[in-house]
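# Architecture and fold: a report
Okay, here's what each chain looks like letter by letter:
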Amino acid sequence: MGWRTIVITQHAKISYSGRRIIVQTNSKINEIPIDDIEVLLISTTQAVITARAVAELANNSAKVIFSDKVGQPITETNNYLPNNRSYLLLEKQFNWDDNRKEMLWTWIATEKMKMQIEVLQKKKIDTEELNYEFAKIEINDLTNREAVIARKYFPLLFEDGFGRRDFNPYNAALNYGYSILLSFVDLNISAAGYLTQLGIHHHSDENQFNLGSDLMEPFRPIVDLWVSQQDIKELTPDIKYGLVDLFNLEIRFNGKNTILRNAIKSHVQNCLKYLSEETDEVKIDLEVGNEVSGNAINRNV
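It should be emphasised that the depicted structure is a prediction, and the values quoted were computed from it without experimental measurement.

### Looking at the sheet that holds strand β6 (residues 47-49)
- Taken together, the four strands give an open sheet; going across it, the order is β4-β3-β2-β6, and neighbouring strands pair in mixed fashion. The two strands at the open ends of the sheet, each matched to only one other strand, are β4 (29-33) and β6. Neighbour to neighbour, the strand axes of the sheet diverge by 20° on average, direction disregarded.
- Pairing between strand β2 (residues 12-17) and strand β3 (residues 20-24): five bridges, direction antiparallel. Of the residues in β3, the one forming a bridge with I14 is V23.
- With respect to the sheet, helix α1 (residues 51-59) is in contact with β2, β3 and β6, its orientation differing from that of β2 by roughly 60°.

Spelled out as structure tokens, the structure:
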């Protein structure tokens, strides 16, 4: 699997030749080794991509994300048959132990809520009310503390009355960041040979990425913190670049220094091993600084 996120932002033709993805714009031609590419984000409707390029990227376990006319991610490629997907692996997934699924969701929800509280504390916001709700977490979060805390968290982080269903630039940025996060999680689930549709907590018939929606949850507050630190009047290309670049952020994950995209990969692998009874515990411990920003985007065109 590659390591670079390629962002296409202007009129371009994307094709394949000799183990390279060719991006031809009005002013130049870029050649990118296909083995380097983890995600190709086409953030414009003014680009065309050949079927050969899509097929070769899929064969190389890279994900292609397409955006709508306002630049929001709207769909992505999801390989039918990863090279390591087998009947035995799928049978194992269909028969994951219910107790393990409940325990894993407990750990995931707990870390997400802990991170939300820490984000507020980094912003010098009182968290007493959230601490009270957090203390009532149960196995499998039967009382749905995760949703209760989320309803209180966002108005504290942004402004009184803020709702996630509101149409505003901050929600647009959050949705963009979450879409990229989900894509990274789904990419690693598929690369491991598992189906993204079979979740442990999310079970919507309309969601092809139930498992990704589950496993991504602890990382959402990192997106929240970055967005809350920006002055966003509209979802500009710079904001989009910043959200893509966020996945190069240096963090501590389970006591080790790493970058966010690598932490996501490790987290997905740990969760899948636990669900498949290859290990008996999943550690989820995230730490970020007070200011979050990534390194340079690998390439934007």
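### Concerning the nonpolar core
- Among the nonpolar cores identified, the biggest contains 69 residues, and L104, L215, F219, V227, L260 and I264 are the most heavily contacted of them.
- Counting residues per element, this core draws most heavily on helix α6 (residues 169-191), at 11 residues.
- Look past the residues within four positions of L104 in its chain and what remains in contact with it is I200, L215, C271, Y274, L275 and V282.
- I21, I34, L40 and A53 belong to the second-largest nonpolar core, a separate cluster that totals 17 residues.

### Observations regarding the pattern of salt bridges
- A full pass over the atoms with the stated rule returns 17 salt bridges.
- Three or more residues are tied together by salt bridges with common partners; here these are E111, K114, E118 and D285.

### As for the pairing of β3
- In this antiparallel pair of consecutive strands, β2 and β3, the connection spans two residues, and G18 shows a positive phi of 55°.
- Here five bridges tie β3 to β4, and the two strands are oriented antiparallel to one another. Along β4, the bridge assignment pairs I21 with I32.
- Hairpin remark: β3 followed by β4, antiparallel, with four residues in the connecting loop.

### A closer look at the packing of aromatic side chains
- Following the criterion strictly, the structure yields eight aromatic pairs and no others.
- Ring geometry for F158 versus Y170: centroids 5.5 Å apart, planes at 55°, classification tilted. Highlighted residues: F158 in the loop between α5 (145-157) and α6 and Y170 in helix α6, separated in sequence by 12 residues.
- You can call Y170 partly exposed: its relative accessible area is 21%.
- Among the aromatic residues, those joined into a cluster by ring pairs are Y153, F154, F158, F162 and Y170.
- When the ring centre of Y178 is taken as origin, the NZ or CZ atom of R220, which lies over that ring, is 4.4 Å away.

Rules used throughout
Residues numbered from 1 in each chain as written. Predicted model: local features only at pLDDT ≥ 70, side-chain atom pairs only at ≥ 80, totals over all residues. Heavy atoms only, no water. Pairing = 2+ DSSP bridges. Helix = DSSP H or I, 4+ residues; strand = E, 2+ residues; numbered from the N terminus. Axes fitted to C-alpha atoms, helices over the stretch in contact; angles between N-to-C directions. Contact = heavy atoms within 4.5 Å. Core = buried A, V, L, I, M, F, W, Y, C linked by side-chain atoms within 4.5 Å. Buried < 20%, exposed > 50% of the residue type's maximum accessible area, 1.4 Å probe, protein only. Salt bridge = Lys/Arg side-chain N within 4 Å of Asp/Glu carboxyl O. Phe/Tyr/Trp six-rings, centres within 6.5 Å; stacked < 30°, edge-to-face > 60°. Lys NZ or Arg CZ within 6 Å of the ring centre and 35° of its normal.

Keep in mind that these numbers describe shape and distance, not what the molecule does.
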